[in-house]
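In case you want the letters, here they are:
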Amino acid sequence: MANKKRRNKKMRRQQVAAAASRQAQVAGASEGTVTEPSGAPKSAAAALATAPAKTPAYAAGVTGPRARSQAPQTTTIDIDSRVPYFASDLRRIALTAGILVAGIVAASFFIH
C-alpha cells in the first residue's frame, strides 16, 4: 500500500510539473517572445513568461491528520486520569483469580 501511495504522489508531481511547463510554453507562444541575437529576452514580461513555473511545496494539498509535536513531560500524570478503569479492572482480575483458586482447592478436597 505504501508503494502505491509513493507512486501516486510521484505521478501527481510529474503531472503538476508537466502542466506548469505546458502553461509556460503556451504563455511564451501567445506573447510571441522575441529574443535579441544575444539570446536574452527583450522585456521583463517575456522573461517571466519563459521562466519555469514554481513547483509546489512537498505534500502541498495533502489533507488529513498531522503528527503533533510532543511537549516535553514535566509532571507525572496520575494513573486514574490516564487509565480510568484501572482500579476496577484490578478488582475484577483479583476476584476472578480468587474464585479460580477457591475452585481448585475445593476440587482437590473432593479428589482426596
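Looking at this structure, I do not really get the overall build of the protein chain. What am I missing?
Within the protein chain, the regular secondary structure consists of 4 helices and 0 strands. In sequence order, the secondary structure elements of the protein chain are arranged as α-α-α-α. Relative to its 112 residues, the protein chain shows a buried fraction of 4%. Total accessible area on the protein chain is roughly 10300 Å²; 62% of this is exposed by carbon and sulfur atoms.

Looking at this model, I keep getting lost on the confidence of the model for the protein chain. Mind explaining?
For any part of a model where pLDDT is low, the fine detail of the predicted coordinates should not be relied upon. Summary statistics for the protein chain give a mean pLDDT of 75 and a share of 61% for residues scoring 70 or more. At the low end of the mean pLDDT range in the protein chain sits helix α2 (residues 44–50), at 58; at the high end sits helix α4 (residues 86–111), at 94.

Help me understand a nonpolar patch on the surface, please; the structure alone is not making it clear to me.
There is a patch of nonpolar side chains on the surface, built from Val 83, Phe 86, Leu 90 and Ile 93 and spanning about 350 Å² of accessible area. Residue placement: Phe 86 occurs in helix α4. Classification of Phe 86 by relative accessible area gives partly exposed; the value is 36%.

What counts, and where the lines are drawn
Residues numbered from 1 in each chain as written. Predicted model: local features only at pLDDT ≥ 70, side-chain atom pairs only at ≥ 80, totals over all residues. Heavy atoms only, no water. Helix = DSSP H or I, 4+ residues; strand = E, 2+ residues; numbered from the N terminus. Buried < 20%, exposed > 50% of the residue type's maximum accessible area, 1.4 Å probe, protein only. Areas by Shrake-Rupley, 256 points an atom, 1.4 Å probe, with all protein chains shown as cover. pLDDT = per-residue confidence, 0-100. Patch = residues over 30% accessible without salt bridge, like charges linked within 9 Å, V, L, I, M, F, W, Y side chains within 5 Å. Salt bridge = Lys/Arg side-chain N within 4 Å of Asp/Glu carboxyl O.

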